[in-house]
Every structure is written in C-alpha cells, then in structure tokens.
There are 2 protein chains.
Amino acid sequence: MTRHISEQFDAELDAIQLKLLEMGGLAENQVKNAAAAFVAHNGDLAGEVRGNDRSVNALELAIDEDCTHIIARRQPAASDLRRVIAIMKAGTDLERVGDEAKRIAKSAQAIEGYERPDHEYAEIRRLSTLVSTMLTKSLDAFARTDVDDAFAIIDLDDEIDSLHQDVIDRTQASLESGETPAREALAHIMVARALERIGDHAKNICEYLVYVAKGEDVRHAPRSS
Amino acid sequence: MTRHISEQFDAELDAIQLKLLEMGGLAENQVKNAAAAFVAHNGDLAGEVRGNDRSVNALELAIDEDCTHIIARRQPAASDLRRVIAIMKAGTDLERVGDEAKRIAKSAQAIEGYERPDHEYAEIRRLSTLVSTMLTKSLDAFARTDVDDAFAIIDLDDEIDSLHQDVIDRTQASLESGETPAREALAHIMVARALERIGDHAKNICEYLVYVAKGEDVRHAPRSS
C-alpha cells in the first residue's frame, strides 16, 4: 500500500522534480538579477527580469500538468502522492518568487535615474544574499529529501525577518528626517518586503518537504526550540 | 474514463467544497475587519484579526488533508481530479488572503494613535469593497462552476489594479509634499498593496475554475478582448 511498485513512476517523478529544480534555478536568477538591478539603478537589467518572468510562469504550468497526469495515470498512494502534491505546491511558490523578482525589478525602474545613496544598499545586498542562499538550500534539501536541512533552513527565516524589519525601520526614519526622498525610500521598502516574502516561499518549500518525509504538516505549527 | 461512477465521491467532494466556502467566508470577514480596523484606527479590532488568522490556516490544512485523502482513496480521473486540485489551490490562495488581512491589521496597529486624515480613506474603503465583492463573487462562481462569471470577475482585477495605483501615486505625492507623515503614508500604501494582492488571489480562484471547467489553463495567458 505505502510503496509504489512502478519504476516507471520513479522515472517520471524524477523528471518532474528535475523540472522543479530547473524552475528553482530560473527563479533564483531572477531574484539575483532583480536585486542587482535595484542596487545598481540599472533599468535595462530590470527590464530583462520583467521580460523573463514568462519563462518562470511557463514552467509552473508545465509542472502542474505533469503532476496532474502522473496522479491520473499512476494513481500514487501515500508518500508518493504526498511528494507529487508537494512538487505542485513548490511550483506555485516558485512562481510567486518570480512575481516578487518582477516587483523588485519594477522598483528598480522607479528609481532608475536617481543618484545611488552613500550606504549603497548594504542591507538590501545582505538580505538578497541571505534569501538567495535560503532558496538554493531549500531546493537542494527538497531534492535530497533532507529533513534536518529543511528545519535548519526554516530557522533562517527569523534572521531574514529581523533584517527586513531593520531596513523598514531605518528607511522610515531616514524618510521622516528628510534624508531620503520619498520615491527612493518607498522603493527601498518595497524591495525589502519582496525579499522577505521570497524567504517565506523558501520556508514553505521546506515545510512541504517535511510533510512529504514525515507525513506531518508543520505549516502554521508553533515550533518548539 | 472521464466520468466518475461513485456517488460517494460526489458527496465527499461536496463536503470539501463546503469547507472551502467556509474558509472563504472567514477570509472575507478577515479582510473586511482588517480594512475597517485600518480606516477607523481601531487597534483592538486589528488585534482580533491577527488572532483569528489561525482559524483560516487551520482550514487550509484540513482542506489539504481532505483533498489528499480523496485522491488516494477514490483515484479520481480527468475533470474530477482537476476539481480536487483546484480546491487545494484555492485553499492556498485563501490562506494567503488571510495573511494579507493580517498585514493590513498590522498596518492598522502601526497608526493606531494617529489622527484620522480628512479624506477618511475614501479610496481604501472603495478598494476594500471592490476586493471583498470580487472575493465573494469568485467563490460563488467556483461553487456553481460558472465560467462566464469567472471571466467577468477576472476582468474586475484591472479596475482594482488601477485604483491601487491611484492610491500609491497620490499617497506618494502627499508624502513628498510633507502633507502626510511618513508612517501614516507607508501604512496607507501597504494596505493598498495588500488589497491589490487579495484581488490577485480572487483572480487566481477564477482561473482555477476555468481550468476545471474547460480543462485549459488560462493562467499567464494573454487575454484577447
């Protein structure tokens, strides 16, 4: 009952998972380029990111279709079914990661002509590196079904949330003091929020993995330390 | 092949769909209360909204579990499987709607002690009414598998996007002119963004319905007028 018997199923599932990892790689690139475009006030790169979002979306649809087909044809049970569903959900999260990258790119375009501030977005760069690492690690853990890693990655989210809050507070203060122009401050805050949300998506992917591996759902569950 | 033969399946699917509608009702209430709390600078109501988010999350988990079980036990094919998957996806969107309501509530708390502005958030109130209507209608269309309605609701999203952009532009201008304090302006913009995203989720739900009814995926597809 709880073990599938078909090697064909395994091969098909591996192929879908590969597609998910490909999508993850694309989404990661989008995030990195969007953040780079923002930090450098590079409108052209931002435009590229906005255009590339289509490829991320197309992969989500393909993964959804593959997952529906494998369920209909192979009728997987228990942990196999959970994995297919987890892949489908992870695909949705990656699509939203792509949307956030697009939002970052939009913010980059909004301040394209502005002079770069003295702080050179040190915090955004740190946040973006953290979030990209978290995303890479979450997909890697997902591919290897490494639950210990998944829990470690979930814990990273606290660091991201706190760094994100720092950016918001500091930018708000510098907006209030008149140091930063409104449009620049708003863009800065929007980018920090988008990065924080990308961290949430990476966390979701880890939580799906825990659900696959343990058959328990850790979403929305209070964590004991 | 394309028609299920079990009345039992229908009864179980109806029960899950009912749970989705219950979740939709809860999410709608959360949005309405969060927007009301923001407009009235009512921190207590905002606190209630933040606390109630747990109930929305719990329903998502229950729906996910029901959907996984019905797929494993009943092995639905074709349109039945598509409907189960669509319900699961809609549940995820409603959970995110709840998250946005929580974010609105957080913004309400951020400006709790502030004096209410002269415009009394006319635009936010209009945006919130529009978005709530869109959410109600999308769930209603989903329950009745009404594809024509779904398309009409998807079109509503343009109005929401444009109203949202108006709020952003106007608030940014009034922030630049020094008319609105920074914290108030930021909260205002955050709430507009959250409402706009709720509209996106309602649109997603309609798109899942089209996918169920027609077996075609309209997400990310350019619409011809």
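Residues numbered from 1 in each chain as written. Chains lettered and ligands numbered in written order. Predicted model: local features only at pLDDT ≥ 70, side-chain atom pairs only at ≥ 80, totals over all residues. Heavy atoms only, no water.

Q: What is the right way to look at the confidence of the model for chain A in this model?
A: Detailed reading of the predicted coordinates is not advisable wherever pLDDT falls low. Summarising the model, chain A shows a mean pLDDT of 91, and 95% of its residues fall at 70 or more. The ipTM, which scores confidence in the relative placement of chains, is 0.89 for this predicted complex, and the corresponding pTM is 0.91. (pLDDT = per-residue confidence, 0-100.)

Q: Please clarify how a negative patch on the surface should be interpreted in this entry.
A: A cluster of like negative charges, contributed by Glu115(A), Asp118(A), Glu120(A) and Glu179(A), occupies part of the molecular surface. Residue class for Glu179(A) comes out exposed when judged on its relative accessible area of 65%. (Patch = residues over 30% accessible without salt bridge, like charges linked within 9 Å, V, L, I, M, F, W, Y side chains within 5 Å. Areas by Shrake-Rupley, 256 points an atom, 1.4 Å probe, with all protein chains shown as cover. Salt bridge = Lys/Arg side-chain N within 4 Å of Asp/Glu carboxyl O. Lys, Arg positive; Asp, Glu negative; His and termini not counted. Charge placed at Lys NZ, Arg CZ, Asp CG, Glu CD. Buried < 20%, exposed > 50% of the residue type's maximum accessible area, 1.4 Å probe, protein only.)

Q: Looking at this model, I keep getting lost on the interface of chain B and chain A. Mind explaining?
A: Interface size is commonly expressed as the accessible area that is lost once the parts come together. Each partner contributes residues to the interface: chain B has 36 residues there, and chain A has 36 residues. A combined buried area of about 3,300 Å² lies between chain B and chain A, and 55% of that area is made up of carbon and sulfur atoms. Where chain B meets chain A, there are 8 salt bridges. In this structure, Lys89(B) and Asp64(A) form a salt bridge, with 2.8 Å as the shortest nitrogen-oxygen distance. At the surface where chain B touches chain A, the tally comes to 6 residue pairs in polar contact (both at pLDDT 80 or more). Looking at the side of chain B that touches chain A, the elements with two or more residues in it are helix H2 (43-74), helix H3 (78-110), helix H5 (147-176) and helix H6 (182-214) of chain B. The element contributing the most residues to the side of chain B that touches chain A is H6(B), with 12 residues. (Contact = heavy atoms within 4.5 Å. Buried area = accessible area lost by both parts, 1.4 Å probe. Polar contact = N/O pair within 3.5 Å; in protein donor to acceptor, adjacent residues only side chain to side chain. Helix = DSSP H or I, 4+ residues; strand = E, 2+ residues; numbered from the N terminus.)

Q: Looking at this structure, how should I read helix H2 (residues 43-74) of chain A?
A: All names here are of chain A. Across its 32 residues, H2 extends 47 Å between first and last C-alpha, which sits within 8% of the 46 Å expected from 1.5 Å per residue. If you look at H2, its biggest bend is around 30°, right at Gly-51. Between a side-chain oxygen at the N-terminus of H2 and the backbone nitrogen of Asp-44 the separation is 3.1 Å; the capping residue is Asn-42. (Expected span 1.5 Å × (residues − 1). Bend = angle between axes of the 7 residues up to and from the residue.)

Q: So what exactly am I meant to see when it comes to the pattern of salt bridges here?
A: On inspection of all chains with the given rule, the structure shows 30 salt bridges over all chains. A salt bridge links Arg144(A) to Asp140(A); the nearest nitrogen and oxygen atoms lie 3.0 Å apart. Remark: Asp140(A) and Arg144(A) occur in helix H4 (residues 122-144); sequence separation between them is 4 residues, near one turn of the helix. Each of the salt bridges in this network shares a partner with another, and the network as a whole consists of Glu100(A), Arg103(A), Arg197(B) and Asp200(B).

Q: Would you mind showing me how to read the relation of the copies chain B and chain A here?
A: Superposing the two chain copies requires a rotation about an axis and a translation along that axis. Mapping chain B onto chain A is achieved by rotating through 180° and translating by 0.0 Å along the same axis, at an RMSD of 0.0 Å. What we have between these two chains is a two-fold relation. Taking C-alpha positions as reference, the residue of chain B nearest the rotation axis is Gln75(B), located at 3.1 Å. Of all interface residues in chain B, 100% are interface residues in chain A too; the two copies therefore contact each other through one and the same surface. (Least-squares fit on C-alpha atoms with pLDDT ≥ 70 in both.)

Q: What should I look at first to understand the packing of helix H6 (residues 182-214) of chain A against H5(B) in this one?
A: Describing two packed helices takes the angle between their axes plus the distance from one axis to the other. For the pair H6(A) and H5(B), interaxial distance at closest approach is 9 Å and the crossing angle is 130°. On the basis of the axis angle, H6(A) is oblique to H5(B). Contact residues: H6(A) offers Ala182(A), Arg183(A) and Leu186(A), while H5(B) offers Gln172(B), Leu175(B) and Glu176(B). Taken together, the residues that form the contact of H6(A) with H5(B) break down as 3 nonpolar, 1 polar and 2 charged. (Axes fitted to C-alpha atoms, helices over the stretch in contact; angles between N-to-C directions. Parallel < 35°, antiparallel > 145°, perpendicular 65-115°, else oblique. Nonpolar A, V, L, I, M, F, W, Y, C, P; charged D, E, K, R; others polar.)

Q: How should I be thinking about the environment of Gln75(B) in this particular structure?
A: Tracing the backbone shows Gln75(B) in the loop between H2 and H3. As a C-alpha pair, Gln75(B) and Phe9(B) span 66 residues in sequence and 9.6 Å in three-dimensional space. Ignoring sequence-local partners within four residues, the contact set of Gln75(B) consists of Gln75(A) and Ile70(B).

Q: Help me understand the side chain of His41(A) in this model?
A: Residue and element names in this part refer to chain A. Along the chain, His-41 falls in the loop between helix H1 (7-39) and H2. At a separation of 2.8 Å, a polar atom in the side chain of His-41 contacts the main-chain carbonyl oxygen of Tyr-114. Engagement of the side chain of His-41 in a polar contact is seen with the side chain of Tyr-121, the distance being 2.8 Å. Those residues in contact with His-41 that lie beyond four places of it in its chain are Ile-111, Glu-112, Tyr-114, Glu-115, Arg-116, Pro-117, Tyr-121 and Glu-184.

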